[in-house]
Amino acid sequence: MQTTVESSGLPADVYSAKCPTRQVLDHIAGKWTILIVDALLEGTLRYTDLSRRIEGVSQKMLTQTLRSLEADGFVTRTVYPTIPPRVEYELTALGHSLGEPIAALRQWTETHINEIERARARAASAAGNAS
């Protein structure tokens, strides 16, 4: 059964540049989105915990990605009225459903990293020999 996009009445089709599913796919396929959602599968985390957990993410990118995930309904943000304010992030039910394939992708990557590195080394060697 084909899903119909409510806003347009057209069928959902990620191959169509005009379909909003393309924007969602672009968003959820980003490396920071994947890492944030996967980290939040472990449970509710504070901003600083996420920042420490995901090495290499800038404050700007972490903030932008969290805001986008919240706007799309994948994450809830809870602010506690303390000084300084404590902010926690948690996956929604929709976020958890996205987390399942993301966790599978992470596990696949970790399982096959040695095969991938060997293939890259062969390709680099072949490219070096061709010059």
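Some points on helix 2 (residues 31-40)
The periodicity of an α-helix, 3.6 residues per turn, causes residues three or four positions apart to be oriented the same way.
Part 1 of the reasoning: Burial analysis of helix 2 places seven of its ten residues in the buried class, the great majority of the element.
Part 2 of the reasoning: Within the span of helix 2, buried status applies to W32, T33, I36, V37, D38, A39 and L40.

What about the side chain of T65?
Part 1 of the reasoning: Checked against the element boundaries, T65 lands in helix 4 (residues 59-71).
Part 2 of the reasoning: The residues touching T65, leaving out its near neighbours within four places in the chain, are H27, W32, T33 and I36.

A closer look at the sheet that holds strand 2 (residues 75-80)
Part 1 of the reasoning: Strand order in the open sheet formed by three strands is 1-3-2, and the pairing between neighbours is antiparallel. Looking at which strands have only one partner, the edges of the open sheet turn out to be strand 1 (45-46) and strand 2.
Part 2 of the reasoning: As judged from the six bridges shared by strand 2 and strand 3 (residues 86-91), these two strands associate in the antiparallel manner. The residue bridging Y80 from the neighbouring strand is R86, located in strand 3.
Part 3 of the reasoning: Running over the sheet, helix 2 touches strand 1, strand 2 and strand 3 and is turned about 95° from strand 3.

Focus: the nonpolar core
Nonpolar side chains tend to gather and get buried jointly when the protein is soluble and globular.
Part 1 of the reasoning: Core analysis: the biggest nonpolar cluster contains 20 residues, and I36, L40, L50, I54, V75 and Y89 have the highest contact counts within it.
Part 2 of the reasoning: Elements that contribute at least two residues to this core include exactly helix 2, helix 4, strand 3 and helix 5 (93-130).
Part 3 of the reasoning: Examining the composition of this core, we find that five residues originate from one element, helix 2, more than from any other.
Part 4 of the reasoning: Ignoring sequence-local partners within four residues, the contact set of Y89 consists of L40, G43, T44, L45, Y47, L50, L66, V75, T76 and R77.

Parameters and conventions
- Residues numbered from 1 in each chain as written.
- Predicted model: local features only at pLDDT ≥ 70, side-chain atom pairs only at ≥ 80, totals over all residues.
- Heavy atoms only, no water.
- Buried < 20%, exposed > 50% of the residue type's maximum accessible area, 1.4 Å probe, protein only.
- Helix = DSSP H or I, 4+ residues; strand = E, 2+ residues; numbered from the N terminus.
- Contact = heavy atoms within 4.5 Å.
- Pairing = 2+ DSSP bridges.
- Axes fitted to C-alpha atoms, helices over the stretch in contact; angles between N-to-C directions.
- Core = buried A, V, L, I, M, F, W, Y, C linked by side-chain atoms within 4.5 Å.

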